[in-house]
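# Overview (structure and organization)
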Amino acid sequence: MFRYLAVTLAILHIVKCQQLLGPPQVICEPDDIRLVANFDGPFRGRIYPKNLSKMQNCSINGDGGDEIAFTVGLFECATMQRDPGDTFVMQYSNTIVIQRHPMLVTQSDLAYRVHCSYELGEKTVSNDVTVE
């Protein structure tokens, strides 16, 4: 019983020390989506796309810094592409999990749905103009 209590207290301490300072910043790069998160103390948890926690190329471990940046490619790690139709805007999205404990999923973990929109190529605009 005491071992269980000690583990519970340790997990609560880790989670309490890793509070986000506001929502993460999403940066839409030409080939990937970057999520930057700032914490009030050392972050030693994990960040990964939903359901891909075990894929090393799709996850990162916190190194104890108070800021962490996670980058996911537009064509990998479960990033979804939405057909632009007639809008000339390509949209990509992914669900990114911030797991506060390095090994355990806890109730205080957070998931963010991130979106990036990119305008496609050139647009042709025409108009009827009469010159006299």
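Residue positions are counted from 1 within each chain, in the order its sequence is given. Given that the model is predicted, a residue must reach a pLDDT of at least 70 before its local features are reported, and side-chain atom pairs must reach 80 or more before they are shown or counted; all residues, however, enter totals for whole chains, interfaces and linings. The side-chain figures draw on all heavy atoms in the structure; neither hydrogens nor water molecules are used.

In DSSP terms, a helix is any run of H or I states spanning at least four residues, a strand is any run of E spanning at least two, and both are numbered starting from the N terminus. A tally of helices and strands in the protein yields one helix and eight strands. Only protein chains enter the calculation, and the probe is 1.4 Å; a residue is then buried if its accessible area is under 20% of its type maximum, exposed if over 50%, and partly exposed in between. Within the protein, the proportion of its 132 residues that are buried is 34%. By the convention used here, residues are in contact when the closest approach between their heavy atoms is within 4.5 Å. A separation of at least 24 residues holds for 52% of the contacts in the protein among residues at least 6 apart in sequence. When the accessible surface of the protein is split by element, carbon and sulfur atoms take 53% of a total near 9,300 Å². All accessibility values rest on the Shrake-Rupley procedure with a 1.4 Å probe; residue burial counts only the protein chains present in the view.

It is worth spelling out the pairing of strand β7 (residues 89-99) at this point. For a regular strand, side chains alternate in direction, first toward one face of the sheet and then toward the other. Counting buried residues in β7 gives nine out of 11 residues, a clear majority hidden from the surface. Strand pairing is defined by DSSP finding a minimum of two bridges between the two strands. Across four bridges, strand β3 (residues 46-49) lies against β7 in antiparallel orientation. Residue pairing in the sheet places Ile47 in a bridge with Ile98 of β7. The pairing of strand β6 (residues 80-82) with β7 spans three bridges and is classified as antiparallel. Residue pairing across strands places Met80 opposite Ser93, the latter belonging to β7. Here β7 pairs with strand β8 (residues 110-119) via 10 bridges, running antiparallel. Paired with Met90 across the two strands is Tyr118, which belongs to β8.

Considering the arrangement of structural elements, one finds Tyr48 in strand β3. Judged by its relative accessible area of 6%, Tyr48 falls in the buried class. Note: C-alpha distance between Tyr48 and Val97 (49 residues apart in sequence) is 5.4 Å. In this structure Tyr48 touches Ser53, Cys58, Ser59, Phe70, Thr95, Ile96, Val97, Gln99 and Val105, once residues within four positions along its chain are discounted. For this analysis, a polar contact is any N or O atom pair within 3.5 Å, provided that within protein one partner can donate a hydrogen and the other can accept it, and provided that sequence-adjacent residues contribute only side-chain to side-chain pairs. Side chain to side chain, Tyr48 and Gln99 meet in a polar contact 2.8 Å long.

With phi around 70°, Asn51 is a residue other than glycine that occupies positive phi space. Unlike most non-glycine residues, Cys77 shows phi in positive territory, near 55°. Within the fold, Cys77 resides in the loop between β5 (67-73) and β6.

Defined by distance alone, a disulfide is two cysteine sulfur atoms within 2.5 Å. Here the structure, examined in full by the defined rule, presents two disulfides. Sulfur-sulfur distance for the disulfide between Cys28 and Cys116 comes to 2.0 Å. Across the disulfide from Cys28 to Cys116, rotation about the S-S bond amounts to roughly -90°, and the bridge is consequently left-handed. With Cys28 in strand β1 (residues 25-28) and Cys116 in strand β8, this residue pair connects regions lying 88 residues apart in the sequence. For Cys116, a relative accessible area of 1% gives the class buried.

Moving on, we get to the pattern of salt bridges. Salt bridges are identified by distance alone: a Lys or Arg side-chain nitrogen within 4 Å of an Asp or Glu carboxyl oxygen. Throughout the structure, instances matching the rule amount to one salt bridge. A salt bridge links Arg34 to Glu29; its shortest N-O distance comes to 2.5 Å. On the basis of relative accessible area, Arg34 is assigned to the partly exposed category, the value being 26%.

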